[in-house]
Amino acid sequence: LIFLCPILIIAQDDLLDEIDTEIIDNQFSIAAFKGLKIVNFESTKLVAKQELTLIVSHRFGSIENGLDSFFGLDDAVTRLNFVYGISDGFNIGLSRSSFQKIYQTSFKYRLFRQQNNGFPFTIVGFNSILINTALEKDNLPKIEFKDRLGYTTQLLISRKVNTNFSYELAPTYFHDNYVQQNNQDNSQFALGLGARHKLTKRLSINADHGCHLNRAKNSPFKNPLSIGIDLETGGHVFQMHFSNAQAMNTNGFLGQATGDWSDGNIYFGFNLSRVF
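Residues numbered from 1 in each chain as written. Predicted model: local features only at pLDDT ≥ 70, side-chain atom pairs only at ≥ 80, totals over all residues. Heavy atoms only, no water.

Caption draft 1: Quick look at the overall build of the chain. Counting its secondary structure elements, the chain contains two helices and twelve strands. Listing each helix as α and each strand as β along the chain from the N terminus yields α-β-β-β-β-β-β-β-β-β-β-β-α-β. (Helix = DSSP H or I, 4+ residues; strand = E, 2+ residues; numbered from the N terminus.)

Shown next, in the form of structure tokens:
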């Protein structure tokens, strides 16, 4: 055991070093983002071929109520998301969120990759279909199955500027067959903005913001703004953040964010990913 300990320690260091690899032999830039999500928005990172990743996302309630809700712990929602790599450039996902009891299937696929001396961006497509099972017939007697459906189409465009800084643009179209606001279009458009700045080898600060482009004038909902940190360890990425959106599906945090940073109505949460 005494002789083996130094070998095991060296092996562990080597595994941790691999996490922070920036460039591979074919001169494609990688690791613009270390998590599958920046905070709420999808990043351009994909799961590797034949790997299964579990992302556990948790959002506590608003911290503005203080001890009455134990700073939001009494009103938490959870999302479990399984993502599998069909190939290095094509992923499928299946998730369930306790927010509106939403089930979602998704597809994420790489179109272009940033090259060190070539194409300047990584471009990834993302599509999803969700089912909102929380809509009750008692409140909506005429509801049909199709009314529970929602759709998302995104183009994720990222650039790794240097070793420490990356950014992303995410033009987004999303559609809900049922919307809460009578004058809100079912088809909605948004532009997502996200960035990552590495502070240390294992720690980075991340942020993303969604600009809704056709929200109804009297809508009570807000544009989502989220800020947090990524902490990398040997087997997973742990993301901790604050956001004014409690929903974790794209249609939810873009279309139904209720918090307001100016009055402290924000939610603490985390994303924890584990590769199998």
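Caption draft 2: Molecular detail of the packing of aromatic side chains. Inspection of the entire model under this criterion finds nine aromatic pairs. For the ring pair Phe-60 and Phe-268, a centre distance of 5.8 Å and an interplane angle of 0° mean the geometry is stacked. Of this pair, Phe-60 sits in strand 1 (residues 52–62) while Phe-268 sits in strand 12 (residues 267–275); the two residues are 208 residues apart in sequence, bridging distant segments of the chain. Assessed through its relative accessible area of 14%, Phe-60 is described here as buried. On the numbers, 5.4 Å between centres and 50° between planes, the contact of Tyr-173 with Phe-189 is tilted. Of this pair, Tyr-173 sits in strand 7 (residues 165–176) while Phe-189 is found in strand 8 (residues 187–198), placing the two residues 16 residues apart along the sequence. (Phe/Tyr/Trp six-rings, centres within 6.5 Å; stacked < 30°, edge-to-face > 60°. Buried < 20%, exposed > 50% of the residue type's maximum accessible area, 1.4 Å probe, protein only.)

Caption draft 3: Local environment of the pairing of strand 11 (residues 236–243). Of the two faces of strand 11, the one holding Val-237, Gln-239, His-241 and Ser-243 is buried and the one holding His-236, Phe-238, Met-240 and Phe-242 is not buried anywhere. Where strand 10 (residues 225–232) meets strand 11, seven bridges bridge the pair, whose relative direction is antiparallel. Bridging across to strand 11, Ser-226 finds its partner in Ser-243. In this sheet, strand 12 lies alongside strand 11 in antiparallel orientation, the contact comprising eight bridges. Residue His-236 lies in a different strand from strand 12, and its bridge partner there is Arg-274. (Pairing = 2+ DSSP bridges.)

Caption draft 4: The nonpolar core, seen in detail. Phe-41, Leu-46, Val-124, Phe-126, Leu-156, Ala-170, Phe-174, Ala-190, Ala-245, Phe-253, Leu-254 and Ala-257 together form the largest nonpolar core, which totals twelve residues. When residues of this core are traced back to their parent elements, those giving at least two are strand 5 (122–132), strand 7 and helix 2 (250–255). If near-sequence neighbours (up to four positions away) are discounted, Ala-257 is found in contact with Phe-221, Lys-222, Pro-224, Asn-244, Ala-245 and Gly-252. (Core = buried A, V, L, I, M, F, W, Y, C linked by side-chain atoms within 4.5 Å. Contact = heavy atoms within 4.5 Å.)

Caption draft 5: Highlighting unusual backbone geometry. In the Ramachandran plot, Gln-100 falls in the positive-phi region, its phi being about 60° despite a non-glycine side chain. The topology assignment puts Gln-100 in the loop between strand 3 (90–97) and strand 4 (102–112). With a phi angle near 50°, Lys-101 is a residue other than glycine that sits in the positive phi range. In this structure, Lys-101 sits in the loop between strand 3 and strand 4. According to the relative accessible area criterion, Lys-101 is partly exposed, its value standing at 40%.

Caption draft 6: Structural context of a nonpolar patch on the surface. Together, Leu-199, Ile-205, Leu-225, Ile-227, Ile-229, Phe-242 and Trp-261 make up a nonpolar patch on the protein surface, roughly 540 Å² of accessible area in all. Given the relative accessible area of 32%, Trp-261 is considered partly exposed. (Patch = residues over 30% accessible without salt bridge, like charges linked within 9 Å, V, L, I, M, F, W, Y side chains within 5 Å. Areas by Shrake-Rupley, 256 points an atom, 1.4 Å probe, with all protein chains shown as cover. Salt bridge = Lys/Arg side-chain N within 4 Å of Asp/Glu carboxyl O.)

Caption draft 7: Quick peek at the environment of Glu-232. By secondary structure assignment, the location of Glu-232 is in strand 10. With relative accessibility at 5%, the residue Glu-232 sits in the buried group. Spatially, the C-alpha atoms of Glu-232 and Lys-201 are 8.5 Å apart, while their sequence positions differ by 31 residues. At 3.2 Å, the side chain of Glu-232 and the side chain of Lys-34 are in polar contact. (Polar contact = N/O pair within 3.5 Å; in protein donor to acceptor, adjacent residues only side chain to side chain.)

Caption draft 8: A look at the sheet that holds strand 7. Strand order around the closed barrel formed by twelve strands is 1-2-3-4-5-6-7-8-9-10-11-12, with antiparallel pairing between neighbours. Strand-to-strand twist of the sheet, defined as the mean angle between neighbouring strand axes without regard to direction, takes the value 20°. When strand 4 meets strand 5, the two strands line up antiparallel, connected through ten bridges. What sits directly across from Thr-105, in strand 5, is Ile-129. (Axes fitted to C-alpha atoms, helices over the stretch in contact; angles between N-to-C directions.)

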